[in-house]
Amino acid sequence: DAKTTQPTSMDCAEGRAANLPCNHSTISGNEYVYWYRQIHSQGPQYIIHGLKNNETNEMASLIITEDRKSSTLILPHATLRDTAVYYCIAVNQAGTALIFGKGTTLSVSS
Amino acid sequence: SQTIHQWPATLVQPVGSPLSLECTVEGTSNPNLYWYRQAAGRGLQLLFYSVGIGQISSEVPQNLSASRPQDRQFILSSKKLLLSDSGFYLCAWSKFRRGSQDTQYFGPGTRLTVL
């Protein structure tokens, strides 16, 4: 699976949009971009995934660049409960092991 | 909807004692099941995965074992715990559907401390 690079930490004011970037310049054509988050002492929570097109669900939006070398997770109206470590990973369609890097620690403050 | 349960939530065990962690999934049939370990300050490590009853694949050789006695039940065991077995154990499930991505969903985890 391709390596991903994320900023170590980010801050966001409550109610504002949180835009979390991820670089995956070596991603292959059959690898999906996945986002999970982990709140302290809890299991990772699936957020969203995509291959080429932008995706939106009730939690977030995923914007993937046309060359697929980077993506951005958007939390449109961040709340204090969105404070967590966010992981961006590239997953082969046939893969089994998820490999989380260090992720981005997002701190939402009032 | 699907739900995944793990218990116990926390566990403190002495070195050399046995271990049994349980994971169950509700609301789906014939899921793929996974055991991961997350050591303090480190990433996820896949330990075992299973595509069906009695079918276990081991990713990392160690003193842990896994079993799947029922379709939606996955058990992680050890006969003698080591200090290095301490960590956050996560169970996950996925449902393979031909033509779509196999997304893994995690349980709440078990925090194991070996003293």
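Since this is a predicted model, take the numbers as computed values, not measurements.

Rules used in this analysis
Residues numbered from 1 in each chain as written. Chains lettered and ligands numbered in written order. Predicted model: local features only at pLDDT ≥ 70, side-chain atom pairs only at ≥ 80, totals over all residues. Heavy atoms only, no water. Pairing = 2+ DSSP bridges. Helix = DSSP H or I, 4+ residues; strand = E, 2+ residues; numbered from the N terminus. 1 Å grid on protein atoms, 1.4 Å probe; cavity = no way out; pocket = protein on both sides within 12 Å on 5 of 7 lines; lining within 4 Å. Points joined across faces, edges and corners; volume = space filled by probe spheres on them. Nonpolar A, V, L, I, M, F, W, Y, C, P; charged D, E, K, R; others polar. Disulfide = S-S within 2.5 Å. Buried < 20%, exposed > 50% of the residue type's maximum accessible area, 1.4 Å probe, protein only. Axes fitted to C-alpha atoms, helices over the stretch in contact; angles between N-to-C directions. Polar contact = N/O pair within 3.5 Å; in protein donor to acceptor, adjacent residues only side chain to side chain. Contact = heavy atoms within 4.5 Å.

Brief notes about the sheet that holds strand β2 (residues 18-23) of chain A
Residue and element names in this part refer to chain A. Read from one edge to the other, the open sheet built from four strands follows the order β2-β7-β6-β5, with strand pairing classed as antiparallel. Edge positions in the sheet fall to β2 and β5 (55-56), since each has one partner strand and no second. The sheet contact formed by β5 and strand β6 (residues 61-64) spans two bridges and is antiparallel. Residue Glu55 lies in a different strand from β6, and its bridge partner there is Leu62.

Quick notes on the layout of surface pockets
Considered as a void within the structure, the largest pocket measures approximately 430 Å³ in volume. Around the largest pocket sit 19 residues that line it, and Gln38(A), Tyr87(A), Gln38(B), Gly41(B) and Arg42(B) are the ones nearest its centre. Here the element with the most residues in the lining of the largest pocket is strand β8 (residues 84-92) of chain A; it accounts for three residues. In the lining of the largest pocket, the residues fall into eight nonpolar, eight polar and three charged.

A short note on the state of the cysteines
All names here are of chain A. A full pass over the atoms with the stated rule returns two disulfides over all chains. Residue Cys22 pairs covalently with Cys88 via a disulfide, S to S 2.1 Å. Disulfide Cys22 to Cys88: torsion about the S-S bond roughly -80 degrees, handedness left-handed. Within this pair, whereas Cys22 is found in strand β2, its partner Cys88 is found in strand β8, the two being separated by 66 residues in sequence.

Overview of the pairing of strand β4 (residues 32-38) of chain B
All names here are of chain B. In terms of residue burial, β4 counts as a mostly covered element, since seven of its seven residues are buried. For β4 and strand β5 (residues 44-52), the ladder comprises six bridges, and the chain directions are antiparallel. Across the sheet, residue Trp35 finds its bridge partner in β5, namely Phe48. The turn joining β4 and β5, which pair antiparallel and follow one another in sequence, is formed by five residues; a positive phi near 70 degrees is taken by Gly41.

Points about the sheet that holds strand β1 (residues 3-7) of chain B
Residue and element names in this part refer to chain B. Strand order across the open sheet formed by four strands is β1-β3-β8-β7, with antiparallel pairing between neighbours. Of all strands in the sheet, those with a lone pairing partner are β1 and β7 (64-70), marking the two edges. Strand-to-strand twist across the sheet, computed as the mean angle between neighbouring axes with direction ignored, equals 20 degrees. The pairing of β1 with strand β3 (residues 19-26) spans five bridges and is antiparallel.

Description of the side chain of Asn32(B)
All names here are of chain B. Its location among the elements puts Asn32 in strand β4. A distance of 3.5 Å separates polar atoms of two side chains, one belonging to Asn32 and the other to Asp102. Apart from residues lying up to four places away in sequence, Asn32 is in contact with Ser50, Val51, Arg68, Ala92, Trp93, Ser94, Phe96 and Asp102.

With respect to the pairing of β2(A)
Residues and elements named next belong to chain A. Residue alternation in β2 divides its side chains into a buried set, Ala18, Leu20 and Cys22, and an unburied set, Asn19, Pro21 and Asn23. As paired strands, β2 and strand β7 (residues 70-75) are joined by six bridges and run antiparallel to one another. Its bridge partner lying in β7, Cys22 is registered against Ser71.

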